[in-house]
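Structure at a glance
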Amino acid sequence: MSEEALVPEEVAAFRDLIISKLKYSVGTEPDHAVEHDWFEAVAMATRDHLVKTWLDHPERARRHESKRIYYLSLEYLIGRLLFASLSNLGMLDLARAALAELDVDLERIRTLEPDAALGNGGLGRLAACFMESMSSLGLVAIGYGIRYDYGLFRQTVVDGWQQEQTETWLEFGNPWEFERPEVSYQISFGGSVSCATGEQGAQCHVWHPAETMRSIAYDTPVVGWRRASVNALRLWRGRAETDLHLDRFNAGDYLGAVAEEVRAESISRVLYPAADTPAGQELRLRQEYFFVSASLQDLLRRHLQQYGTLLDLPGHVAIQLNDTHPAIAVAELMRLLVDIYGVPWDKSWALTVATLAYTNHTLLPEALETWPVALMERLLPRHMQIIYLINAQHIDHLRAQGMHDFDLLRAVSLIEEDNGRRVRMGNLAFLGSHSVNGVSALHTELMRKTVFAQMHRLYPERISNKTNGITFRRWLYQCNRGLTGLLVETLGEGLLDDPENRLRDLEPFADQLLFQKRFAEVRQRNKQALAAQVQESLGVAIAPDALFDVQVKRIHEYKRQLLNLLHCVALYQAIRDEPEVDWVPRVKILGGKAASNYQQAKLIIKLANDIARTVNADPTVRGLLKVVFLPNYNVSLAEAIIPAADISEQISTAGLEASGTSNMKFALNGALTIGTLDGANVEMSERIGREHMFIFGLTASQVEARKRNGDYGGAGAIAASSRLSEVLTAIRSGIFSPDDPGRYGGLVDGLIHHDHFMVCADFEAYWQAQFEVEARWREPEQWWRSAVLNSARMGWFSADRTIREYAREIWGALP
Ligand SMILES: *Cc1c(COP(=O)(O)O)cnc(C)c1O
């Protein structure tokens, strides 16, 4: 893809800028520089251009007046920024040429950048895609979050088991960020609240915290496509009010002298895995409050500076809460307005609701956050009072409307009374927001029917759907330059600026054999590159001609990696039983991290590796089936894998995947999906056409009906399928775990007796769908026609479309 015409003077200028960064910022000379020095120098030179773009922006004055969008997210799964920034600046070829003059290879430099893994998976990646999209659409936005010292753990696989290492992404510094020590706010915890009578006789509350600390801002510029605009990702780090207590130090108490510093800094130390132990609970609540309080103080200060009053806040500010993690914002915004800025309670409530909006990401009841009342009272006493008051008014209001149904009032209360008293953060976010959205049509419908059924009855207008999207800049232009080049050549440059509408122009080419051939060639090169990477990292040879069947995502029972592995074993047995059949050569590629305390997920990783070892070493298989588990799945690995996938596995138990976004990345890049009617798969099948995907299995309502009847179908499905029962017998017998034959006994028993995720119930349908995959693969014209149509029809899943919907329907902001 060469969208840039190179001007020799510009190449020379960028080359000189890199040299000057190398000398005066890194402190070395070209002759002595190691590769990492070059990376830093290039990153800093690129950052200069980001800042320049920002300062020179012709629309800066207008931006000042625009509505400001604040995106609050505990996670940002950013990945690397060098290519993302250069590509959006339109400087990729220029940088490559400038470095070539210095005898440095940009592609090598690229891989030295650590992945900023400040998120777990889809939710954090969505936040990163949204930031890029908001900049590309010219929205004025700030993303707020935490600058974790250690991102999501680095996964290694030792003897087939997952091991977790700390992710030290800041070890060599971070060339992208600006530390802003002057942007600092006080954050308080604990203590007590007293009541006083204010000037006009009104009651006011004063919080006397037991503990205070500070937040420090770090800004990372995020540039939009073709420099549309630059916004900041502002991440907070914890600091002590006083770094060192000199008196204690001088008295010989060296540890005590820094205790406060250690305690304060621990707040931004680590990103918690999505589902972790209660031990981390209190620190997690502290983290949530810490970043919410810092962000709200920051944005209120900015608003007051510009407008002088907070009474028009919703006219100029929209705050989006990414999941329930920042839900404490409802109480904190109320506290700041009422206690600090003296806005009357009722007015404050109106401002809060009009300003906040909430995105729900999960229906799993165990994932909807609740906090013990006792913990809240101890850590955030004033907030607990505010929550009680909001709740009382909420319930009074319902009673006044004649609602006395005890069960209804219990369901919509902010306080859960059943398992010890707990604050329901989901209900708090719902009540304190003017808009609540789900992330796919199915998920939103289920939200209305399940978790928020009662709330929805009370506020029928509040819930809406905003189906997730992905940024095509990263997930097509940057990760698949070969395909992007072909598309530009075929459809013209304009495609890059309007893929939502222009990708469709590809449809007529789906039937052209010549185009199919070129499409297939591009993908073949991507597969060769991935094969080389697998060879290098795992020492396993995979054939680029084989069908690459890929499932990469967090390891979770509901995502059903286990179903994929059962198919893998069934295929293995079928090949062994009938070696003379002309099987379609297939490579099963898996990857993903398991939460460190999620034993079942870790066992599934071990099973994948046990199967891989057995299958790959079996001479009767003759390479017809290969299995690889790629360690440490992250954004960069995703960028290498996705353009090389033929089949995308999106096989969650229907009703449990809120949207999924990797499903979109794969289809955009021309992979065919095998999947259930779950999350955004449903909308993908409507737009792509069901005949160009392999849809199978129980639907969400069928799953629901079975659950209602207590019928998980394990034993029944096993009795009905000799194939499935042979697979389970083999796994149980220890064929894959000769060193510990009993390893998978419990896992198999689980499938028979409480197959909660309906793996067995869906097995035969899945096997059949996989059979159809092979049949299509044997008809290359049909396969490539479907593949091209997948790419052509994915335009709607651009994050730009999603963000435009948020802007228009939730934020009241014009891109
Ligand atoms: C897109 C992405 C995800 C989300 O994947 P799903 O299959 O939608 O759960 C997770 N991790 C990374 C690194 C991603 O790029």
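Looking at an unreviewed UniProt entry, the chain carries the name Alpha-1,4 glucan phosphorylase, with the source organism given as Azotobacter bryophylli. Quoted straight from UniProt, the Cofactor (unreviewed entry) entry for the chain says "pyridoxal 5'-phosphate". The chain has a UniProt comment under Sequence similarities (unreviewed entry) that states "Belongs to the glycogen phosphorylase family."

1. Comments concerning the site of the ligand
The environment of the ligand is formed by 15 residues, the closest being Lys553, Lys559, Thr661, Ser662 and Lys665. Contact distances for the ligand include 2.5 Å between an oxygen atom and a side-chain N or O atom of Ser662. When the ligand sits alone it has 390 Å² of accessible area, and the protein chains cover 96% of it. Mapped onto the shell around the ligand, the elements with two or more residues apiece are α7 (122-136), α27 (635-641) and α28 (662-668). A per-class count over the shell around the ligand returns five nonpolar, six polar and four charged.

2. Looking at the layout of surface pockets
The calculated volume of the second largest pocket comes to roughly 1,400 Å³. Around the second largest pocket, the lining comprises 47 residues; the ones closest to its centre are Arg80, Thr111, Gln533, Ser636 and Ala640. Within the residue set of the lining of the second largest pocket, elements represented by two or more residues are α2 (35-56), α6 (106-110), β5 (151-158), α21 (481-491), α24 (513-538) and α27. At ten residues, the largest contribution of residues to the lining of the second largest pocket is made by α24.

3. Quick look at the pattern of salt bridges
Applying the stated rule across the entire model yields 63 salt bridges. Across the salt bridge formed by Asp149 and Arg269, the nearest N and O atoms sit 3.0 Å from each other. Residue Asp149 is found in the loop between β4 (140-146) and β5, and its partner Arg269 is found in the loop between α9 (254-265) and α10 (281-307); the two are separated by 120 residues along the sequence. For Asp149, a relative accessible area of 18% puts it in the buried group. Salt-bridge contacts for Arg474 lead to Glu639; the nearest nitrogen and oxygen are separated by 2.7 Å. A residue pair is termed long-range when its members are at least 10 positions apart, and Arg474 in helix α20 (residues 472-478) and Glu639 in helix α27 qualify at 165 residues. The burial state of Arg474 is the same as that of Glu639; both residues are buried. One network of salt bridges, in which partners are shared, links Arg180, Asp219, Arg234, Asp298, Arg301 and Arg302.

4. Side note on unusual backbone geometry
The phi dihedral of Arg227 is positive, around 60°, even though this residue is not glycine. Considering the arrangement of structural elements, one finds Arg227 in the loop between β10 (211-223) and β11 (230-240). Backbone geometry at Asp323 places phi at a positive 75°, although glycine is not the residue there. Structurally, Asp323 is set in the loop between β12 (317-322) and α12 (329-340).

Conventions adopted
Here, residues in each chain are numbered from 1, in the same order as that chain's written sequence. Under the rules for a predicted model, residues below a pLDDT of 70 receive no local features and side-chain atom pairs below 80 are neither given nor counted, while totals for whole chains, interfaces and linings still include all residues. Side-chain numbers come from the whole structure's heavy atoms, not from hydrogens or water. UniProt positions are given in the numbering used here, feature names are shortened, and annotations may be inferred rather than shown by experiment. The cutoff for a nearby residue is simple: one of its non-hydrogen atoms must lie within 4 Å of the molecule or strand. Identification of polar contacts relies on pairs of N or O atoms within 3.5 Å, with a donor-acceptor requirement for protein atoms, meaning one able to donate a hydrogen and the other able to accept it, and with residues adjacent in sequence counted only if both atoms are side-chain atoms. Note on areas: Shrake-Rupley with a 1.4 Å probe; residue coverage comes only from the protein chains shown. Only DSSP runs of H or I with at least four residues qualify as helices, and only runs of E with at least two residues qualify as strands; both kinds are numbered from the N terminus onward. Three classes are used: nonpolar for Ala, Val, Leu, Ile, Met, Phe, Trp, Tyr, Cys and Pro, charged for Asp, Glu, Lys and Arg, and polar for all others, with Gly counted as polar. The distinction between a cavity and a pocket rests on a 1 Å grid over the protein atoms alone: a 1.4 Å probe fits inside a cavity but cannot get out, while a pocket stays open yet meets protein on both sides within 12 Å along at least five of seven lines, and a residue with an atom within 4 Å of a point counts as lining. Grid points are joined across faces, edges and corners, and a volume is the space filled by probe spheres set on the points. Whenever a carboxyl oxygen of Asp or Glu lies within 4 Å of a side-chain nitrogen of Lys or Arg, that contact is scored as a salt bridge. Working definition: with a 1.4 Å probe on protein chains only, accessible area under 20% of the residue-type maximum means buried, over 50% means exposed, and in between means partly exposed.

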